[in-house]
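A closer look at the structure
In case you want the letters, here they are:
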Amino acid sequence: MLPMFLAVADQTIVATALPAIASSLGEIERASWVVVSYLIANTIAAPVYGRLGDTFGRRTMMFFALTIFITGSVLCALAPNITLLTLFRVIQGFGGGGLMTLSQALIGEAVPPRERGRYQGYLAGIAVTSNSFGPVAGGYLTQAFGWQSIFLVNIPLGILAMLFVSRIPARQGDRRRTTFDTPGLILFMLFVGPVILSLEQVQRMELGAIPMALGLFAFGIVALVLLAWQERLTSSPLIPPKLFRQASIWRSDAMAAFHGAALVSLITFLPIYLRAVRGLSPAETGFMLLPMTAGIGIGSMTTGQLVTRTGYTAGFPSYGLTGATIGLALLAFFIPYLSAVQIAWAFGGIALFMGTVMGVVQVTVQTVSGPRLLGTGAAMVQFSRSVGAAFGTATVSAVLFSILTARDRDTATLFGMIIERGPDALATLDPVRHALVQGEISDAFHAAFLTVACFTAVGAWMAWTMPMRRV
């Protein structure tokens, strides 16, 4: 759980510190690369660690990942400029991708299938809680000790994680799979990097960024086609095609992707709604997000316990994502009539339903993959969730920006400023214009919440059609 916590929290803890980093190192226009570089490296690393863990043993690879992660953290704290900080974040991301993948795979290796649901529920709860913990911790550490502290705090936690991992019994990997698919890795990098960069361009909410985004996305799709061709030819593929011939696996990966799209979109845009439309302070916004954070954690752990006790798997996300879809659709139309407290508890209930997914997905994939490909299967779930999260936030951004642009280009520009600088961008407006902008943004969020409901609806369909429903 501790390596999982480190990897997930580090994705969000830096976001709060970006203004302080830009102020200290300069080049504010390149500050977003500090976040994007980690995400790209993390996403690329996931299947690599899954593959190497299957071959050389997962405990050994966890030590390796922790070492890279800690080294990258130290280098980030010592970085004298944005360029080197971005490079060191890539190193840190290559470690972080291993922490997330191997944490899941080690559970699958050490725990019988029937018991995995309980432990995967714990991991899922930690992963989602870390998403909300990161910004709070990042803000506090930056204010109290400087931005370097958000990286230095990883050192004692990483060393403690190494001590915990050393107590896990060592198990030999499958040394028959010693050939590494280097061409596949290169093509995978050429797919992931451009696609995530294109989605990041979309989130900028600038019309001038669209051609670049489309070009990068097209390049990534070409690389994906070549990757699929390469994986069919090689005898030791990075991403074995036979995994995706199993309906339970590709449906689980798709469910993870759409669940990640919905959840990360809510975590990203709900605070913007509460601050820009409802006028809440940062502290009040953080407090209002607590029910959602708690709901995901409780839902994940409860589902894990139920899977262990009953053996049933896909039924829980089938009903859970259906309930989340209904709740989001209702909120899209009735949220203007609710108080901030009622909104917080409504999203807490939706999060409780959404907590039924990740533990079940991992149990399903690990059971169907079998011991030889357990790490690779776990890695593809993580990869699917990461890409889904990037796709979801970019899609919701595009929906918001398109609706605002169609109604009022000035409001669309202001909303882009809110995303970059927070609701303080509205402080200079006169009261009448301020109220008008808030109303237009509120109307656009109706479509945003319906978009998130579409994500959960597709996830629910994947869950209802899952062939494997019991372990």
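Definitions and limits used
- Residues numbered from 1 in each chain as written.
- Predicted model: local features only at pLDDT ≥ 70, side-chain atom pairs only at ≥ 80, totals over all residues.
- Heavy atoms only, no water.
- Axes fitted to C-alpha atoms, helices over the stretch in contact; angles between N-to-C directions.
- Helix = DSSP H or I, 4+ residues; strand = E, 2+ residues; numbered from the N terminus.
- Left-handed = near helix turned anticlockwise from the far one by under 90°.
- Contact = heavy atoms within 4.5 Å.
- Nonpolar A, V, L, I, M, F, W, Y, C, P; charged D, E, K, R; others polar.
- Patch = residues over 30% accessible without salt bridge, like charges linked within 9 Å, V, L, I, M, F, W, Y side chains within 5 Å.
- Areas by Shrake-Rupley, 256 points an atom, 1.4 Å probe, with all protein chains shown as cover.
- Salt bridge = Lys/Arg side-chain N within 4 Å of Asp/Glu carboxyl O.
- Expected span 1.5 Å × (residues − 1).
- Bend = angle between axes of the 7 residues up to and from the residue.
- Phe/Tyr/Trp six-rings, centres within 6.5 Å; stacked < 30°, edge-to-face > 60°.
- Buried < 20%, exposed > 50% of the residue type's maximum accessible area, 1.4 Å probe, protein only.
- Parallel < 35°, antiparallel > 145°, perpendicular 65-115°, else oblique.
- Core = buried A, V, L, I, M, F, W, Y, C linked by side-chain atoms within 4.5 Å.
- Polar contact = N/O pair within 3.5 Å; in protein donor to acceptor, adjacent residues only side chain to side chain.

The next subject is the packing of helix H16 (residues 374-407) against helix H18 (residues 431-464). Two elements in contact, H16 and H18, have axes whose closest approach is 9 Å; the angle formed by their N-to-C orientations is 145°. Considering the relative orientation of H16 and H18, their crossing is right-handed. Within the contact between the two elements, H16 uses Phe391, Gly392, Thr395, Val396, Val399, Leu400, Ile403, Leu404 and Arg407 and H18 uses Glu440, Ile441, Asp443, Ala444, Phe445, Ala447, Ala448, Thr451, Val452 and Phe455. Looking at the contact of H16 with H18, its residues break down into 13 nonpolar, 3 polar and 3 charged.

For the rest of this paragraph, the subject is a nonpolar patch on the surface. A cluster of nonpolar side chains, namely Ile326, Leu330, Phe333, Phe334, Tyr337 and Leu450, defines an oily patch on the protein surface of about 670 Å² accessible area. It is helix H13 (residues 315-334) that provides the largest number of residues to the nonpolar patch, a total of 4 residues.

The next point concerns helix H10 (residues 247-276). With 30 residues, H10 should cover 44 Å at 1.5 Å per step; its first-to-last C-alpha distance of 43 Å lies within 8% of that length. At Phe269, H10 is deflected by roughly 30°, the largest bend along its length, and proline Pro271 occurs up to four residues later in sequence.

For the rest of this paragraph, the subject is the packing of aromatic side chains. Tallied over the entire structure, the rule returns 11 aromatic pairs. Summarising the aromatic geometry, the rings of Tyr273 and Phe445 are spaced 5.2 Å apart at their centres and angled 70° between planes, so their arrangement reads as edge-to-face. Here Tyr273, found in helix H10, pairs with Phe445, found in helix H18; they are 172 residues apart in sequence, far enough to count as distant. Assigned by exposure class, Tyr273 and Phe445 land together as buried. Ring pairing ties together the aromatic residues Tyr273, Phe347, Phe445 and Phe449, which thus form one cluster.

On to the packing of H10 against H18. At a closest axis distance of 9 Å, the pairing of H10 and H18 adopts a crossing angle of 160°. As the angle between them shows, H10 and H18 are arranged roughly antiparallel. The two elements H10 and H18 meet at a crossing, and its hand is left-handed.

Bringing the nonpolar core into the picture now. Core analysis: the biggest nonpolar cluster contains 47 residues, and Tyr273, Phe347, Phe445 and Phe449 have the highest contact counts within it. Counting only elements with at least two residues in this core, the list comes to H10, helix H12 (290-310), H13, helix H14 (340-354), H16, helix H17 (409-421) and H18. The element best represented in this core is H10, accounting for 11 residues. In this structure Phe445 touches Phe269, Ile272, Tyr273, Leu400 and Phe415, once residues within four positions along its chain are discounted.

For the rest of this paragraph, the subject is the pattern of salt bridges. This model, assessed by the stated rule, comprises 5 salt bridges. For Arg407, the salt bridge is made with Asp443, and the minimal N-O distance between the two is 2.9 Å. A residue pair is termed long-range when its members are at least 10 positions apart, and Arg407 in helix H16 and Asp443 in helix H18 qualify at 36 residues. When salt bridges with common partners are traced through the structure, they connect Asp54, Arg58 and Glu109 into a single cluster.

Position of Ser248 among the secondary structure elements: in helix H10. There is a polar contact of 3.1 Å between the side chain of Ser248 and the backbone nitrogen of Met468. The contacts of Ser248, once residues within four sequence positions are left out, are Thr364, Val368, Met466, Pro467 and Met468.

On to the environment of Gln438. Among the structural elements, Gln438 can be located in helix H18. Linking Gln438 and Tyr273, residues 165 residues apart in sequence, is a C-alpha distance of 9.4 Å. Sequence-distant contacts of Gln438, defined by excluding residues within four places in its chain, comprise Ala276, Val277 and Gly279.

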